[in-house]
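Take a look at the letters that make up each chain.
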Amino acid sequence: MRYCIELYTVSSRIEARFQQYYLVYLKCNSCSCFMFRILPLSKSTYTMSGIRVTGIGFFKDKTIEVLPDCEVFEISSSLGTVRAFHELVKHGVHSAPVYDSAESRYIGVFDMADMLVYVLSTLHRTSETDEVLPDELTTNLIDILAWVNRLVPDSATDVTNLSKRNPFVTINADATLLDAMVQFGQKGVKRLAVVDSVSGKVTKYITQSGLGRVLQEHEDAVSGFGTETIHSKKLGFIDVKTVNQDAPAVRAFELMEKFKVGGIGVVNSSGVLVGSLSDTDLRAMFEVPNFRLYGLTVSQLLAKLGHTGRVFTVPPTAQLRDAFAQLNEHRVHRLYIIDEQGKPIGVVTYKQLLQQLHALVKRVEF
């Protein structure tokens, strides 16, 4: 017999002795008979008819203290833009908060998406004014950025949240995993800052991927996914933004900025997915000797980055829990959904899966 279980936190209007319990509603999928059970709120996993069922209690019982710490560092608002980008690369992170010491407050987040907008605007400014670059600069993008902005130096303040895609979002130190899951799912940010209530300074960073790995380590936590598939939940089926492998490399980054996405699929002339680029690949400006964005095709850039053929995919029939596991295994933020010909038909992200897990954890079939 199959039952559908739904868990509700008991309302305070019910007798006081029930306030620390779950009201559980069981409805049979076969004959529509039903029953109610009262279960302790302190427990997060129950065994009924030999089946382990995880409710929302698991996520309420654990605080964000169980999540791995990320290195905490901040960028001074007076730091030059290129130097601020150097700091991101040096610390191996995608973003960092920008602190204005004069006002004793954070003014936002400086991240790779902001740098992408900055790079493109600088290159376009050079093109529009027909400014002639010295020959020795034409192959080094960092030198180009510094040279073009030599007369009007800019700072991290000018670039902070330029992309308008990664706002500075905080979370309380005593927040639960449920709170973090909701924040990541609703706000769409990849990092949350834990701020000390006294000093007002960031003491810890938690990330989507960090939450994902912790949940993956606790099998009960992802049992809410059940056997749901990408297709059954109609998850991620969108008009995938792609770029041809033979297009100029700069075109890939222009498309990311145009469509406000953090990554773009690379396809061949037949439309088959052969690779992927993201805004974090701008780090190649520091890591690849004599890096130049102009004069390279997308496929040549992938080769320089060592990313040729590096793309992670799932079929529409993949279960949500398997997609979640693959994101964690490869430490990426997106998976491409491909059809039988290998053509991209959608994208699955951490944000989407966390939203699904939040919705499904209250409803588990067995």
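Residues numbered from 1 in each chain as written. Predicted model: local features only at pLDDT ≥ 70, side-chain atom pairs only at ≥ 80, totals over all residues. Heavy atoms only, no water.

*Asks:* Sorry if this is basic, but what is going on with the overall build of the chain here?
*Replies:* Across its full length, the chain holds twelve helices and 18 strands. A separation threshold of at least 6 residues defines the contact pool for the chain, and within that pool the share at least 24 residues apart is 61%. Accessible surface for the chain amounts to roughly 17,700 Å². Of this, 49% is attributable to carbon and sulfur atoms. (Helix = DSSP H or I, 4+ residues; strand = E, 2+ residues; numbered from the N terminus. Contact = heavy atoms within 4.5 Å. Areas by Shrake-Rupley, 256 points an atom, 1.4 Å probe, with all protein chains shown as cover.)

*Asks:* How do you make sense of empty space enclosed by the protein when you look at a structure like this?
*Replies:* Taking a probe equal in size to a water molecule and rolling it over the atoms shows the remaining empty space. Tallying each qualifying case throughout the model produces two cavities of 30 Å³ or more. Approximately 50 Å³ is the volume found for the largest cavity. The wall of the largest cavity is formed by Ser-95, Val-109, Asn-166, Pro-167, Phe-168, Val-169, Arg-191, Ala-193 and Tyr-205. (1 Å grid on protein atoms, 1.4 Å probe; cavity = no way out; pocket = protein on both sides within 12 Å on 5 of 7 lines; lining within 4 Å. Points joined across faces, edges and corners; volume = space filled by probe spheres on them.)

*Asks:* How do you make sense of the pattern of salt bridges when you look at a structure like this?
*Replies:* For the structure on display, the rule yields six salt bridges. The closest approach of N and O atoms between Glu-87 and Arg-83, which form a salt bridge, is 3.1 Å. A residue pair is termed a helical-turn pair when its members lie 3 or 4 positions apart in one helix, as Glu-87 and Arg-83 do in helix 2 (residues 81-91) at four residues. The buried category is assigned to Glu-87, whose relative accessible area is 14%. The shortest N-O distance in the salt bridge between Glu-257 and Lys-260 comes to 2.7 Å. Since its relative accessible area comes to 18%, Glu-257 is described here as buried. Looking at Lys-260, the relative accessible area reads 42%, which means it is partly exposed. (Salt bridge = Lys/Arg side-chain N within 4 Å of Asp/Glu carboxyl O. Buried < 20%, exposed > 50% of the residue type's maximum accessible area, 1.4 Å probe, protein only.)

*Asks:* Can you walk me through the environment of Phe-110 in this structure?
*Replies:* The topology assignment puts Phe-110 in strand 8 (residues 105-111). Since its relative accessible area comes to 0%, Phe-110 is described here as buried.

*Asks:* What should I look at first to understand the sheet that holds strand 13 (residues 263-267) in this one?
*Replies:* By way of backbone hydrogen bonds, the strands of a sheet pair with one another, either parallel or antiparallel. Spatial ordering of the open sheet is given by 12-13-14, a layout of three strands whose pairing is mixed. With partners counted over all chains shown, the strands left at the sheet margins are strand 12 (242-244) and strand 14 (273-278), one partner each. Taken over all neighbouring pairs, the strand axes of this sheet differ in orientation by 35° on average, direction set aside. Here helix 10 (residues 298-305) sits on the sheet in contact with strand 12, strand 13 and strand 14, set at roughly 70° to strand 14. (Pairing = 2+ DSSP bridges. Axes fitted to C-alpha atoms, helices over the stretch in contact; angles between N-to-C directions.)

*Asks:* Sorry if this is basic, but what is going on with the pairing of strand 17 (residues 344-349) here?
*Replies:* Successive side chains on a regular strand alternate, one facing one side of the sheet and the next facing the other. One ladder, built from five bridges, connects strand 16 (residues 334-338) with strand 17; its direction is antiparallel. Its bridge partner being in strand 17, Leu-335 is matched across the sheet by Val-348. Where strand 16 hands over to strand 17, the hairpin turn is made up of five residues, of which Gly-342 adopts a positive phi near 85°.

*Asks:* Please explain the nonpolar core as it appears in this structure.
*Replies:* When a protein is soluble and globular, its nonpolar side chains tend to lie buried together. Of all hydrophobic cores here, the largest spans 39 residues; its most connected members are Phe-59, Leu-211, Leu-215, Ile-230 and Leu-353. Counting residues per element, the ones that place at least two in this core are helix 1 (57-61), helix 6 (177-187), strand 10 (191-195), helix 7 (208-217), helix 11 (320-330), strand 16 and helix 12 (350-360). Residues within four places of Leu-353 in sequence aside, it is in contact with Phe-225, Leu-235, Leu-320, Ala-323, Phe-324, Leu-327 and Val-348. If you look at the next biggest cluster of nonpolar residues, it comprises 38 residues, including Ala-84, Leu-145, Ile-264 and Val-298. (Core = buried A, V, L, I, M, F, W, Y, C linked by side-chain atoms within 4.5 Å.)

*Asks:* I'm lost on the packing of helix 6 against helix 7 in this one. Help?
*Replies:* For any two helices packed against each other, one specifies the inter-axial angle together with the distance between the axes. Close contact between helix 6 and helix 7 brings their axes to 11 Å; oriented N to C, the two are set at 135°. Classified by the interaxial angle, the pair formed by helix 6 and helix 7 is oblique. Relative to helix 7, helix 6 is oriented so that their crossing is left-handed. Taking contact as the criterion, the partners of Leu-177, Ala-180, Met-181 and Phe-184 in helix 6 are, on helix 7, Gln-208, Leu-211 and Leu-215. (Parallel < 35°, antiparallel > 145°, perpendicular 65-115°, else oblique. Left-handed = near helix turned anticlockwise from the far one by under 90°.)

*Asks:* I would appreciate a short explanation of the confidence of the model for the chain in the present structure.
*Replies:* Any residue range with low pLDDT should be treated as having predicted coordinates unsuitable for detailed reading. When the pLDDT values of the chain are averaged, the result is 77; 71% of them are 70 or greater. Note on residues 1-36: pLDDT under 50 across the span, and 92 contacts to partners over four residues away in sequence or across chains. (pLDDT = per-residue confidence, 0-100.)

*Asks:* Can you help me understand the sheet that holds strand 8 in this one?
*Replies:* Taken together, three strands build an open sheet; the order of strands is 6-7-8 and the sheet is mixed. Every other strand in the sheet has two partners, leaving strand 6 (75-76) and strand 8 as the edge strands with one partner each. In this sheet, strand 7 (residues 95-100) lies alongside strand 6 in parallel orientation, the contact comprising two bridges. The partner of Ser-76 across the bridge, within strand 7, is Tyr-99. Along the sheet face, helix 2 touches strand 6, strand 7 and strand 8 and points at about 75° away from the line of strand 8.

*Asks:* Any chance you could explain the packing of helix 7 against helix 11 here in plain terms?
*Replies:* Orientation of helix 7 relative to helix 11, taken along the N-to-C sense of each, is 120°, at an axis distance of 9 Å. Between helix 7 and helix 11, the angle falls in the class oblique. Judged by the sense of rotation from one axis to the other, the crossing of helix 7 with helix 11 is left-handed. Here helix 7 contributes Ser-209, Gly-212, Arg-213, Leu-215 and Gln-216 to the contact with helix 11, which in turn contributes Phe-324, Ala-325 and Asn-328.

*Asks:* I tried to follow the side chain of Gln-326 on my own but got confused; where do I start?
*Replies:* Structurally, Gln-326 can be placed in helix 11. Among all residues touching Gln-326, those that are not within four sequence positions of it are Phe-312, Thr-313, Val-314 and Leu-335.

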